[in-house]
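If you want the building blocks of each chain, they are given just below.
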Amino acid sequence: MKGVWWHWSNKLLVGALGFVLTACPGNRTKEVPLQDRETQVLLQKSGARDYSLNNALAAALPGLNCISQARLGRHLVLAQPGATYDTQDTSVVLVIPYRPTDPKASAGVFSNVKERYVLLNPDYIRSWVLKNSLSGTNTALPDVLNLVLLHELGHFRLGRTGRFDEPVAAAPRTGQMEMQEVTPQYLTTDKRLELAVDSVAIGLVNQAARPGSPPACFSTAVTVQLLVPGANFNLAGHRTVDQFGSPHILYLPDYTSTHPNLELRLAFMAYYLHRTPEGRQQIDDYLYAREVAPIHRQEMDPRIFQGNGLKF
Ligand SMILES: [Zn+2]
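The rules behind these values
Residues numbered from 1 in each chain as written. Predicted model: local features only at pLDDT ≥ 70, side-chain atom pairs only at ≥ 80, totals over all residues. Helix = DSSP H or I, 4+ residues; strand = E, 2+ residues; numbered from the N terminus. Buried ≥ 20, exposed ≤ 12 C-beta atoms within 10 Å, placed from the backbone. Contact = placed C-beta atoms within 7 Å. pLDDT = per-residue confidence, 0-100. Axes fitted to C-alpha atoms, helices over the stretch in contact; angles between N-to-C directions. Parallel < 35°, antiparallel > 145°, perpendicular 65-115°, else oblique. Left-handed = near helix turned anticlockwise from the far one by under 90°. Nonpolar A, V, L, I, M, F, W, Y, C, P; charged D, E, K, R; others polar. Core = buried A, V, L, I, M, F, W, Y, C linked by C-beta atoms within 7 Å.

As annotated in an unreviewed UniProt entry, the protein chain is Peptidase M48 domain-containing protein from Hymenobacter bucti.

Here it is in structure tokens:
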């Protein structure tokens, strides 16, 4: 008798569970191949797959995920063949290494917070590392990848997508350049967002670099702690040499409307890592040279300056 009751009660339980699962379609999960999702995004954003940095990315993700899982509850993944993800799982962020096929809509690295993906252009990263390394080699590439992806995680932390459809190439040096040099380089809303995202990234680094932090988190954080002050010094040094003899040594133009000059961003990041009076002074000097000094130069422009006490 007990056996019959057990049999029927089990059948009822399974039936009830089946009813609950099928009656609530909102709770139903859907597994999608990651490569299908990758293809969908690349079609939308005019890009092609570029797996040339995948080994370096695969090596970077465990440390980044150690930091990200603990602080943000997010998990970066690459679209490995055969891998799937649950479309309802909002913790998964797909990293898509890509090559832009439309030069008008290219970006170096871009996060779409709502759609939960990061587009990353390996050519852009490699050329940046080569251009800005003291040794002229790619040895700093893993550290730069860590910094770049921590910045992108900062976008997810703030829930703010970056700007995509802006060419990243430097503005052409035309006859307008002289005029631009007397135009204050305002920190627009977009640029302030990028600075805020940088500070979140450095906040993650500072937390992960504390004693007692899990080794994977700690070692990733230390690479960024070492990279940022060196890159800041390096960029300032390159610029000083390039502008030797120029009257506007401290002037830092922004080449796109979306991001402040990288030298200024690195100065802020270096200061968040190590709050020294010299770091603070460097930032103050940069902001003065960008936003105040151009106005003073305009005041002395004979087309504007009409002499003191001139009465009309
Ligand atoms: Zn950004």
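Caption draft 1: Structural context of the overall build of the protein chain. Scanning the protein chain from terminus to terminus reveals ten helices and seven strands. By the burial criterion, 28% of the 312 residues in the protein chain qualify as buried. Of all intrachain contacts in the protein chain linking residues separated by at least 6 positions in sequence, the fraction that spans at least 24 positions is 71%.

Caption draft 2: Broad picture of the confidence of the model for the protein chain. Summarising the model, the protein chain shows a mean pLDDT of 82, and 78% of its residues fall at 70 or more. Here helix 6 (residues 177-180) stands out as the element of the protein chain with the lowest mean pLDDT, 46, in contrast to strand 3 (residues 75-78), whose mean of 96 is the highest. Note that residues 12-26 has pLDDT below 50 and, in this model, zero contacts with residues that lie over four places away or in other chains. Considering only residues more than four positions removed or in separate chains, one finds that residues 165-179, a stretch of pLDDT under 50, has 14 contacts.

Caption draft 3: Expanded view of the packing of helix 7 (residues 189-208) against helix 9 (residues 262-273). Running from N to C, helix 7 and helix 9 cross one another at 30°; their axes reach a closest spacing of 9 Å. Regarding the angle of helix 7 to helix 9, the classification is roughly parallel. Seen from above, helix 7 lies across helix 9 with right-handed handedness. Where helix 7 approaches helix 9, its residues Glu194, Leu195, Asp198, Ser199, Ile202 and Asn206 are matched on the opposing element by Arg265, Phe268, Met269, Tyr272 and Leu273. Its residues placed into classes, the contact of helix 7 with helix 9 shows six nonpolar, two polar and three charged.

Caption draft 4: Here's a closer look at the nonpolar core. With 51 residues, the main nonpolar core has Ile96, Leu119, Leu150, Ala201, Leu204, Val205 and Val228 as its most contacted residues. Looking at this core, the elements that each hand over two or more residues are helix 3 (54-72), strand 5 (92-100), strand 7 (117-120), helix 5 (141-158), helix 7, helix 8 (215-242) and helix 9. Looking at this core element by element, the count peaks at eight residues for helix 9. Look past the residues within four positions of Val228 in its chain and what remains in contact with it is Leu147, Leu266, Met269, Ala270 and Leu273.

Caption draft 5: Quick look at unusual backbone geometry. Within the chain, Ser46 stands out as a residue other than glycine whose phi angle is a positive 55°. One non-glycine residue, Arg116, lies in positive phi territory at about 60°. As for its position among the elements, Arg116 is in the loop between strand 6 (109-112) and strand 7.

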